[in-house]
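Chains, contacts and geometry: an overview
Here are the chains, one letter per residue:
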Amino acid sequence: MKRADPRRALPSVDAVLRAAGPRDAERARFTRAARDVLARARAARTSGDAATFAAQTRAALAERERLTLRSVINATGVVLQTNLGRAPLSPRALAAIAAAAGAVSVEYDLVTGKRGERHGHAARLLADLASAEDAVVVNNNAAAVLLALAALASRKEVIVARGELVEIGGGFRIPDVLRRSGAKLVEVGTTNRTYARDYAGAIGAKTGAILRVHASNFKISGFVARAEGRELAALAREHSVAFIHDLGSGTFLDTSRFGLGKELTVGEAIREGADVVTFSGDKLLGGPQAGIAVGRAESITALRTHPLMRALRPDKLTIAALLATLETYRDGTAEKELPVWRMIAATPRAIATRARSLAGTLASVGIPAEVIELRSTIGGGSLPEETQPSFAVAIGGAPPNRLAQTLRSADPPVISRIVDERVALDLRSVLPEDDEVLARAVTGALAKGGADGPSRHQNGPRAGARRPV
Ligand SMILES: *Cc1c(COP(=O)(O)O)cnc(C)c1O
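Residues numbered from 1 in each chain as written. Predicted model: local features only at pLDDT ≥ 70, side-chain atom pairs only at ≥ 80, totals over all residues. Heavy atoms only, no water.

1. Here we look at the domain arrangement of the protein chain
For the protein chain, the domain assignment lists domain 1 (8-64), domain 2 (73-80 + 342-446) and domain 3 (90-333). On a C-alpha basis, the centroid separation for the pair domain 1 and domain 3 is 53 Å. (Domains from an automatic or database assignment.)

Dropping the structure here:
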C-alpha cells in the first residue's frame, strides 16, 4: 500500500529538453534552467510530465532574462533621481556619444599625429567655466574626492568639521573614503558649530589638507556656525597645506535665479581660494556620470599623475557627453538645452497646462484623473529641503500601491509618487516632449482592463475627474 514517491514521477532533464526543443543558441541556458525547475519540483514533492516542466522552464528562463535596465518615465517630481540615473542627457550629449562610439581621437593629437591627452578634451573648457587653472575628470565625484585626498594628503592628517562628516548615500561616507585614501581624519568643532579657530588649533606639521564637504542631503538649522571658505583658504595657504572643497553637486548656474536657495557655484568656490574643488557630472551639471576636479595647476597635476588615476579614468563616451554638456554652458544655452535645467526652469503655469491636458486624456478613456498642486524637489544630493511649485495628475480608482505597481509595468514603465494616499504623476520631472509617451503608457496600462487598473469603473470619469485647477 506504499504510495508512489512523486520524485519518481519527475521527467529527466533530457525529456524536458526534448519536449521544449530549445534553439541551439539557448540550449545550455535552457538546460541549467530545467535543472533548477526540476530540483525545485523535487524539493516541493510535486510532479508533472515533461511538457509541464518544459513550459515552466520557458517561463523561468523568460523571468531570468527579463530586461531590468529599461528606459522609464520619471514622474516622481524629483528632477535628479539617483535611482533613475540622475541627469537625463541632452540631445547634444546623445549625439556626441554616438559620434564617439567608433574610432575617436580620445588619446590622439590630430595636429602632431602623436599620442594625445585623454584629459585635455574637457579640461580646458572646465577650467574656463570655473575660472580655474586646470581640471581633471574621473568616473564619479566619490572618485574625485578619493583621488584628491590620495594625491594631496596621503599619510597626512586631513582636518574636517564634525558637521561635515557626512554619508552621501549608497554607503559613501566621508570618514571611510578619507581612511581609504591613506589620510588620517582629524575632526574639529561640534556637530552644529565649527569656527576657523578650531581648524587653526588642529593644523600642524602632520596636516596635509583641510577638507570642506557640502551638506548635500541634509540641513542643520538653528544655533549653527561654520568657517568661511575664505578663512579656510587663508589658513591652508599660511600652513602650506591643501584646501579641498567637495561641492557635491556643483553648479555653473546661480540656483537662486530659479526660486531655489543659493548654492555656491563652482566658480565661487574657486574664487574663495580652494586648491581643488570636486563635483559630480550628473547632478546639477546635467551631464553624464563623472567626477570633476578643478583647481590650481600644481594640485591638478598631482591628481592627474597619481597611480590611482589609471583606475579612475573615464571612458570616451563619458568624455564626449561631458564635453557636449559643457559646451552648452560655454554657449549660454544650458537652460534651454539641458533637461535638468529645463525641468528646473519650467514655470508652474506651463506645468499646470500640461497636467490639465494629461488629465483630460486620461479621463476621456475612463481613468479617474485630477490635477493637483504640489511641490517637487531637486534630489540627487542637491539643494536639500528646497522645493519648487509643481502640478501633478492624481489618479484614483484603485489602491495607490497597486496603481503605482501597474504603472511600473507600463510600456515604458512610469515611476510615480504617492501624495495624500493617491498616485500622482508630477510633471516637473517629465520633459514636455515626453508627455505623449506618458499618456499612452498610462492609458495602455490602466485602460486595458487589467485587474489592477481602475478601468473596471468604465462609466466615464467619476467625481475624481473634476479638475479644480
Ligand atoms: C553626491 C556627492 C558625492 C558623490 O558623488 P558621485 O558623483 O555620486 O560619486 C560626494 N560628495 C558630495 C558632497 C555629494 O553630494
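On we go.
2. What about the pattern of salt bridges?
Tallying each qualifying case throughout the model produces 30 salt bridges. Arg162 is paired through a salt bridge with Glu187; the nearest N and O atoms lie 2.9 Å apart. With a gap of 25 residues between them, Arg162 in the loop between β3 (157-161) and β4 (167-169) and Glu187 in strand β6 (residues 184-188) connect regions that are remote in the sequence. For Glu187, a relative accessible area of 37% puts it in the partly exposed group. Across the salt bridge formed by Asp275 and Arg296, the nearest N and O atoms sit 2.7 Å from each other. Taken together, the residues span a long stretch of sequence, with Asp275 in the loop between α10 (266-271) and β9 (276-280) and Arg296 in the loop between β10 (291-295) and α11 (297-304) at a distance of 21 residues. (Salt bridge = Lys/Arg side-chain N within 4 Å of Asp/Glu carboxyl O. Helix = DSSP H or I, 4+ residues; strand = E, 2+ residues; numbered from the N terminus. Buried < 20%, exposed > 50% of the residue type's maximum accessible area, 1.4 Å probe, protein only.)

3. Here we look at the site of the ligand
The local shell around the ligand holds 14 residues, among which Ala142, Ser216, Asp246, Ser280 and Lys283 are the closest. Note that a nitrogen atom of the ligand is positioned 2.6 Å from one of the side-chain N or O atoms of Asp246. For the ligand, whose unbound accessible area comes to 380 Å², protein coverage reaches 93%. Put simply, the parts of the chain that give the shell around the ligand at least two residues each are α6 (141-153) and β8 (242-248). Classifying every residue of the shell around the ligand by side-chain character gives four nonpolar, seven polar and three charged. (Near = heavy atom within 4 Å. Polar contact = N/O pair within 3.5 Å; in protein donor to acceptor, adjacent residues only side chain to side chain. Areas by Shrake-Rupley, 256 points an atom, 1.4 Å probe, with all protein chains shown as cover. Nonpolar A, V, L, I, M, F, W, Y, C, P; charged D, E, K, R; others polar.)

4. Comments concerning the sheet that holds β8
Judged by pairing direction, the sheet is mixed, and its seven strands sit side by side in the order β2-β10-β9-β8-β7-β3-β6 without closing on themselves. On the outer flanks of this sheet lie β2 (134-138) and β6, each paired with one strand and no other. Strand-to-strand, the axes of this sheet are offset by a mean angle of 25°, without reference to chain direction. Where strand β7 (residues 207-213) and β8 come together, five bridges link them in parallel fashion. Residue pairing for β8: Ala209 is matched across the bridge by Ala242. Against the sheet, helix α5 (residues 120-130) makes contact with β2, β9 and β10, and its axis sits at roughly 125° relative to β2, the strand it touches most. (Pairing = 2+ DSSP bridges. Axes fitted to C-alpha atoms, helices over the stretch in contact; angles between N-to-C directions. Contact = heavy atoms within 4.5 Å.)

5. Describing the sheet that holds strand β14 (residues 417-419)
Ordered in space as β11-β12-β15-β14, the four strands form an open sheet in which the pairing is antiparallel. Two strands in the sheet have a free side with no partner beyond their single neighbour: β11 (369-377) and β14. Looking at each pair of strands side by side, their axes are set apart by 45° on average, direction ignored.

6. Concerning the side chain of Glu157
Positionally, Glu157 belongs in strand β3. Here Glu157 occupies a buried position and makes no salt bridge, while the nearest side chain of opposite charge, Lys184, is found at 4.2 Å. Those residues in contact with Glu157 that sit more than four places away from it in its chain are Lys184, Val186, Lys206, Thr207, Gly208 and Ala209. (Lys, Arg positive; Asp, Glu negative; His and termini not counted.)

7. Regarding the packing of α6 against α11
Relative to each other, α6 and α11 sit at 105°, their axes nearing to 9 Å. Here α11 runs roughly perpendicular to α6, going by the angle between their axes. Residues Leu147, Ala148, Ala151 and Leu152 of α6 lie in contact with α11, whose contacting residues are Ser299, Ala302 and Leu303. Classifying every residue of the contact of α6 with α11 gives six nonpolar, one polar and no charged. (Parallel < 35°, antiparallel > 145°, perpendicular 65-115°, else oblique.)

8. Some points on the environment of Ser181
Following the sequence through the fold, Ser181 ends up in the loop between α7 (174-180) and β6. The class of Ser181 is buried, set by a relative accessible area of 5%. Residues Ser181 and Leu147, 34 residues apart in the sequence, show an inter-C-alpha distance of 7.4 Å. At a separation of 3.3 Å, a polar atom in the side chain of Ser181 contacts the main-chain amide nitrogen of Ala183.

9. So, the pairing of β2
Looking along a regular strand, one sees the side chains alternate between the two faces of the sheet. Taking burial as the measure, the five residues of β2 include five buried ones, the bulk of the element. The sheet contact formed by β2 and β10 spans five bridges and is antiparallel. Note that in β10 the partner of Val138 across the bridge is Gly291.

10. Focus on the packing of aromatic side chains
Across all of its chains, the model carries three aromatic pairs by this definition. Judged by centre distance (5.9 Å) and plane angle (85°), the ring pair of Phe252 and Phe279 falls under edge-to-face. In this pair, Phe252 is assigned in the loop between β8 and α10 and Phe279 in strand β9, connecting sequence segments 27 residues apart. Neither residue differs from the other here; Phe252 and Phe279 are each classed as buried. With centroids separated by 5.4 Å and ring planes inclined at 65°, the aromatic side chains of Phe252 and Tyr329 adopt a geometry described as edge-to-face. You can see Phe252 sitting in the loop between β8 and α10 and its partner Tyr329 sitting in helix α13 (residues 316-330), a full 77 residues away along the chain. (Phe/Tyr/Trp six-rings, centres within 6.5 Å; stacked < 30°, edge-to-face > 60°.)

11. Focus on helix α17 (residues 400-408)
Those residues of α17 that sit buried are Pro400, Leu403, Ala404, Thr406 and Leu407. All buried residues of α17 project into a common sector of 160° when viewed along the axis, lining one side. Looking at the packing, one finds that the buried side of α17 touches β12 (387-395), β13 (414-415), β14, β15 (422-426) and α18 (435-446). (Arc of directions from axis to C-beta.)

12. Regarding the side chain of Lys283
Relative to the helices and strands, Lys283 resides in the loop between β9 and β10. Dropping the residues within four chain positions of it, Lys283 is found in contact with Leu80, Arg86, Ala87, Gly248, Ser249, Val340, Gly380, Gly381 and Ser382.

13. A look at helix α9 (residues 229-238)
Considered for burial, the residues of α9 that qualify are Gly229, Leu232, Ala233, Leu235 and Ala236. End-on, the buried residues of α9 take up no more than an arc of 165°, which puts them together on one face. Of the exposed residues in α9, the ones pointing more than 90 degrees away from its buried face are Arg230, Arg237 and Glu238. Backbone geometry just after α9 places Ser240 at a positive phi near 50°.

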